[in-house]
Amino acid sequence: MNDNLYNILWIDDQHEDLSALHRTATDYGIKLFPYKSMNGGCSELEKNYSFYDAILLDAKFFENEDDVPGTEDTKWVHQAKDRILQLDKKFEYFVLTGQAKAYASEEFNNAFKYVFEKGKSKDLDELFERLVNAANNQIETQIRHENSMLFEALKTYDIEVTKTLLKILKGIKIGNSGFDDQLYFTQLRIILEHLFRKANSIGLLHDTCVQQGNNKVNLTESCLFLSGFDTKHLNVSCTITHFPKLIAENVKNIIHTTGAASHTSNVDLTQNINIQAYRNEITSPYLLYSLAFQLMDILLWYDSYSKTNGDVATNRSFWKDIQRDQHGNKFEIETITNIAANGWGTIAINKGTKNINIHKDAITQNSLAVGDQIKFTVKEAYIPQNITKI
């Protein structure tokens with residue numbers, strides 16, 4: 001059995017009756033994507049041709065998916081061939097037919113290089129071997145197989161995500177000097193938007209980060225939330241940290257580099273001063289490539305993390321609203337860890353990373369002891385104020 005996977009678009013009006021063919025194809029690592037008609041199959045191919053590795057045709061099928069039996073015709077396979085030849089991507093196309101007359105026709109065989117007959121095991125074996133060989137010659141197929149973990153993780157994303165990363169990886173693989181990298185900076189941000197929406201769907205990311213202003217995703221605030229920091233404007237935070245440090249830094253770097261705006265839809269790269277200044281000195285696609293590789297690691301990390309942290313109720317239990325006083329100072333809730341001999345207390349903030357002192361008068365006035373939880377605000381002097389014992 002072939003360890004690689006091949007996506008083959010198949011047009012055959014009787015594909016529903018050919019389950020055995022699907023099983024044989026599976027032995028060769030082939031997944032058939034069937035359609036009954038020329039318009040059905042070709043429309044899909046024209047939209048998503050980068051997804052497919054080769055094409056399999058019957059000799060006789062419908063013009064449209066909802067056509068009735070009796071309207072099948074061999075003329076549609078010729079029109080399908082014409083549409084295939086007009087695609088930007090060049091495909092090998094094969095015919096598997098049960099029509100004896102069509103199979104024996106000199107005209108038909110002149111039009112189609114590879115014609116095989118249904119029901120003949122020898123023909124089927126040769127057909128699938130040729131399909132695999134043709135697929136292996138496709139640059140896109142090679143890229144998918146070389147990056148199989150990535151493209152497996154992308155199966156749950158919108159097809160446009162796969163298309164974008166495939167085009168970038170193709171540019172890297174073939175060394176395309178004419179690759180217009182600036183077309184793809186915004187696409188990287190949009191892929192982050194897809195990831196953040198997925199994180200929200202399983203409760204890892206707070207609703208307010210993805211549902212502000214016509215359901216836009218606030219990339220900056222989302223990054224802060226998943227990194228374990230307070231959001232700057234949405235007044236929500238998470239009591240645990242989801243992003244590992246390097247993932248958080250990579251996400252922040254992509255957001256910062258690809259646009260100054262917080263939301264994906266507001267990005268205009270021509271107004272990005274950093275990128276324009278960079279372009280004045282360096283005109284290569286390597287900045288895009290480096291960001292794309294960072295993003296691929298982020299996607300792989302999320303695929304693994306989401307599978308082991310997918311309980312929505314548990315994830316949402318870590319959400320926390322940030323309360324502020326009338327001056328905008330944040331209310332903290334922490335536990336007193338020490339009271340010194342001089343009467344001053346100690347409490348840790350910023351998730352235990354910074355110790356601050358509580359004035360001895362506040363300790364006395366509020367009858368505080370070690371282990372007490374208090375609610376308070378902290379200003380720049382780092383002296384707790386507005387203390388309330390909980």
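Just so it is clear, the model here is predicted, and its values are computed rather than measured.

### Here's the deal with the pattern of salt bridges
It is possible for side chains of opposite charge to pair when their charged atoms get near one another. Evaluated as defined, the whole model comprises 19 salt bridges. Close ionic contact of Asp58 with Lys118 constitutes a salt bridge, the shortest N to O distance being 3.8 Å. A residue pair is termed long-range when its members are at least 10 positions apart, and Asp58 in the loop between strand 3 (54-57) and helix 3 (75-85) and Lys118 in the loop between strand 5 (115-117) and helix 6 (121-136) qualify at 60 residues. Ionic pairing is found between Lys89 and Glu140, a salt bridge with its closest N-O pair at 3.8 Å. Here Glu140 lies in helix 7 (residues 139-146) and Lys89 lies in the loop between helix 3 and strand 4 (93-97), a separation of 51 residues in the sequence.

### Some points on helix 2 (residues 38-48)
Among the residues of helix 2, those classed as buried are Met38, Gly40, Gly41, Cys42, Glu44, Leu45 and Asn48. Of the surrounding secondary structure, the elements contacted by the buried residues of helix 2 are strand 1 (6-11), strand 2 (30-35), strand 3, helix 3 and helix 9 (159-174). At the N-terminal boundary of helix 2, the capping side chain belongs to Ser37, with an oxygen 2.9 Å from the backbone nitrogen of Gly40.

### Description of the environment of Glu129
Following the sequence through the fold, Glu129 ends up in helix 6. Since its relative accessible area comes to 44%, Glu129 is described here as partly exposed.

### Here's the deal with the pairing of strand 10 (residues 354-358)
The pairing of strand 9 (residues 345-349) with strand 10 spans 5 bridges and is classified as antiparallel. Within strand 10, the position partnered with Ala348 by the bridge is Asn355. Between strand 9 and strand 10, which pair antiparallel in sequence order, lie 4 residues; one of them, Asn350, sits at a positive phi of approximately 55 degrees.

### Observations regarding the packing of helix 12 (residues 245-258) against helix 14 (residues 286-308)
Viewed as axis vectors pointing N to C, helix 12 and helix 14 meet at an angle of 140 degrees, and their least axial separation amounts to 10 Å. The orientation of helix 12 relative to helix 14 falls into the category oblique. Between helix 12 and helix 14 lies a crossing whose hand is left-handed. Residues Ile247, Asn250, Val251, Asn253, Ile254, Thr257 and Thr258 of helix 12 touch helix 14, and the partners they reach there are Leu287, Leu291, Gln294, Leu295, Asp297, Ile298 and Trp301. Residues belonging to the contact of helix 12 with helix 14 are distributed by class as follows: 8 nonpolar, 5 polar and 1 charged.

### Observations regarding the sheet that holds strand 2
If you walk across this open sheet you meet the 5 strands as 2-1-3-4-5, and the pairing is parallel. At either end of the open sheet lies a strand with only one pairing partner, and these are strand 2 and strand 5. Neighbour to neighbour, the strand axes of the sheet diverge by 25 degrees on average, direction disregarded. Across 4 bridges, strand 1 lies against strand 3 in parallel orientation. Residue pairing in the sheet places Trp10 in a bridge with Leu56 of strand 3. Relative to the sheet, helix 2 contacts strand 1, strand 2 and strand 3, its axis offset from that of strand 1 by approximately 150 degrees. Sheet contacts for helix 6: strand 1, strand 2, strand 3, strand 4 and strand 5; angle to strand 4, the most-contacted strand, approximately 165 degrees.

### What to know about the nonpolar core
Residues Leu165, Phe196, Phe243, Val251 and Leu299 are the most contacted members of the largest nonpolar core, which totals 51 residues. When residues of this core are assigned to their parent elements, the largest contribution, 12 residues, is made by helix 14. When neighbours within four sequence positions are excluded, Val251 is seen to be in contact with Leu192, Phe196, Cys223, Phe243 and Ile298. Counting 24 residues, the second-largest nonpolar core is a separate cluster that includes Cys42, Leu57, Val77 and Ile84.

### A closer look at the environment of Gln14
Of note, Gln14 is situated in the loop between strand 1 and helix 1 (19-27). Along the sequence, Gln14 and Gln326 sit 312 residues apart, while their C-alpha atoms lie 71 Å from each other.

### Section: the environment of Ile159
Within the fold, Ile159 resides in helix 9. Judged by relative accessible area, which is 29%, Ile159 ranks as partly exposed. Sequence separation of Ile159 and Leu224 is 65 residues, and the distance between their C-alpha atoms is 27 Å. Apart from residues lying up to four places away in sequence, Ile159 is in contact with Asn48 and Phe51.

Cut-offs and rules
- Residues numbered from 1 in each chain as written.
- Predicted model: local features only at pLDDT ≥ 70, side-chain atom pairs only at ≥ 80, totals over all residues.
- Heavy atoms only, no water.
- Salt bridge = Lys/Arg side-chain N within 4 Å of Asp/Glu carboxyl O.
- Helix = DSSP H or I, 4+ residues; strand = E, 2+ residues; numbered from the N terminus.
- Buried < 20%, exposed > 50% of the residue type's maximum accessible area, 1.4 Å probe, protein only.
- Contact = heavy atoms within 4.5 Å.
- Polar contact = N/O pair within 3.5 Å; in protein donor to acceptor, adjacent residues only side chain to side chain.
- Pairing = 2+ DSSP bridges.
- Axes fitted to C-alpha atoms, helices over the stretch in contact; angles between N-to-C directions.
- Parallel < 35°, antiparallel > 145°, perpendicular 65-115°, else oblique.
- Left-handed = near helix turned anticlockwise from the far one by under 90°.
- Nonpolar A, V, L, I, M, F, W, Y, C, P; charged D, E, K, R; others polar.
- Core = buried A, V, L, I, M, F, W, Y, C linked by side-chain atoms within 4.5 Å.

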